[in-house]
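# Report on the structure
These are the residues of each chain, in order.
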Amino acid sequence: VIRAKAVSAKEVDSGNDIYGNPIKRIQYEIKQIKVRGAGGRGRGRGQPQHWPLTPSPAPQMFKGPDKDIEFIYTAPSTAVCGRLLDTGGKKEYLIAGKSEGNGKMHITLCDLVSTWDSLTPTQKKSLNQRYQMGCECKISRCLSIPCFVSSSDECLWTDWAMEKNNVDGRQAKHYACIKRSDGSCAWYRGMAPPKQEFLDIEDP
């Protein structure tokens, strides 16, 4: 998961299909956005909750390999699940895809690709601090009302049911599912770190 902008694009061959025909892909050259004190890659268990400040600007990779991403590949059109990026160098994106190693990444229409400016302040803050508090939680999708969770470690995602099939609704924009002290999971709203009272609360 990275923050980056695309600076160029070209069509390249990436092998052949079972009939011997060349497989075409779009290769985007990207530049990861560097932010002073941005923190770094995904932390492991037992590490501090808040990212350490860095003395110099560092590329923003919220989760991924140690090597920075230099190229992103995708199918040549949306008809075959390709994802088109603006190459003017002005649009910044939050991009989630599959690492191919050696600084390469692959994305499809099914992957999360959003313009950075479209993210809410809560989403931006949660990328560094909040979402990782819910890595052991399960988000269950509610397709129609009523719907229920089956265990205490679930958060019920209702945007799709409550906001006319909207996958980017109120919960997605303003909430994070985090694990509390008793092992249960709950939605938390806001940019500020959860208070200890919230983490220590127990469900009846």
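Predicted model, so just to flag it, every value in this text is computed and none were measured. (Residues numbered from 1 in each chain as written. Predicted model: local features only at pLDDT ≥ 70, side-chain atom pairs only at ≥ 80, totals over all residues. Heavy atoms only, no water.)

### Focus: the state of the cysteines
Scanning the model with the defined rule gives 3 disulfides in all. Between the sulfur of Cys137 and that of Cys185 lies a disulfide, 2.0 Å long from S to S. With the S-S bond torsion at -85°, the cross-link from Cys137 to Cys185 turns out left-handed. Of the two residues, Cys137 is situated in the loop between helix H1 (121–128) and strand S10 (138–141) and Cys185 in strand S13 (residues 185–189); the sequence distance between them amounts to 48 residues. The same class applies to Cys137 as to Cys185, namely buried. What pairs with Cys155 in a disulfide is Cys177, and their sulfur atoms sit 2.1 Å apart. Where Cys155 bonds to Cys177 through sulfur, the torsion about that S-S bond is close to 80°, and the disulfide is right-handed. With Cys155 in strand S11 (residues 154–157) and Cys177 in strand S12 (residues 175–179), the pair connects residues that are 22 residues apart, well separated along the chain. (Disulfide = S-S within 2.5 Å. Helix = DSSP H or I, 4+ residues; strand = E, 2+ residues; numbered from the N terminus. Buried < 20%, exposed > 50% of the residue type's maximum accessible area, 1.4 Å probe, protein only.)

### Focus: the pairing of S12
In terms of burial, S12 is largely enclosed, as 4 of its 5 residues are buried. Sheet analysis places S12 next to S13, joined by 5 bridges and oriented antiparallel. Within S13, the position partnered with Ala176 by the bridge is Tyr188. The turn linking S12 back onto S13 is made up of 5 residues, and Gly183 within it adopts a positive phi angle of 95°. (Pairing = 2+ DSSP bridges.)

### Describing the environment of Phe71
Here Phe71 shows up in strand S5 (residues 71–74). Residue Phe71 is classed as partly exposed on the basis of its relative accessible area, which comes to 24%. Taking the C-alpha atoms as reference points, Phe71 and Asn102, separated by 31 residues in sequence, lie 9.3 Å from one another. Among all residues touching Phe71, those that are not within four sequence positions of it are Gln27, Tyr28, Glu29, Ile30, Gly103, Lys104 and Met105. (Contact = heavy atoms within 4.5 Å.)

### Re the side chain of Ser114
Position of Ser114 among the secondary structure elements: in strand S9 (residues 113–115). In this structure Ser114 touches Glu92, Tyr93, Leu94 and Leu119, once residues within four positions along its chain are discounted.

### A short note on the pattern of salt bridges
Within the structure shown, the criterion is met by 5 salt bridges. Where Lys31 meets Glu29, a salt bridge forms, and the shortest distance between an N and an O atom there is 3.8 Å. For Lys31, a relative accessible area of 44% gives the class partly exposed. Classification of Glu29 as partly exposed rests on a relative accessible area of 29%. (Salt bridge = Lys/Arg side-chain N within 4 Å of Asp/Glu carboxyl O.)

### Remarks on the confidence of the model for the protein chain
Put simply, the protein chain has an average pLDDT of 82, and 80% of its residues get 70 or more. Mean pLDDT values over the elements of the protein chain span from 64, in helix H4 (residues 196–200), up to 96, in S5. Contacts of residues 38–55 to residues separated by more than four positions or lying in other chains number 38 contacts, the stretch itself having pLDDT below 50. (pLDDT = per-residue confidence, 0-100.)

### Observations regarding H1
Three or four residues apart is the spacing at which side chains of an α-helix point the same way, because the helix has 3.6 residues per turn. Those residues of H1 lying buried are Thr122, Gln123, Ser126, Leu127 and Asn128. Where the residues of H1 are buried, they touch strand S6 (93–95), helix H3 (170–174) and S12.

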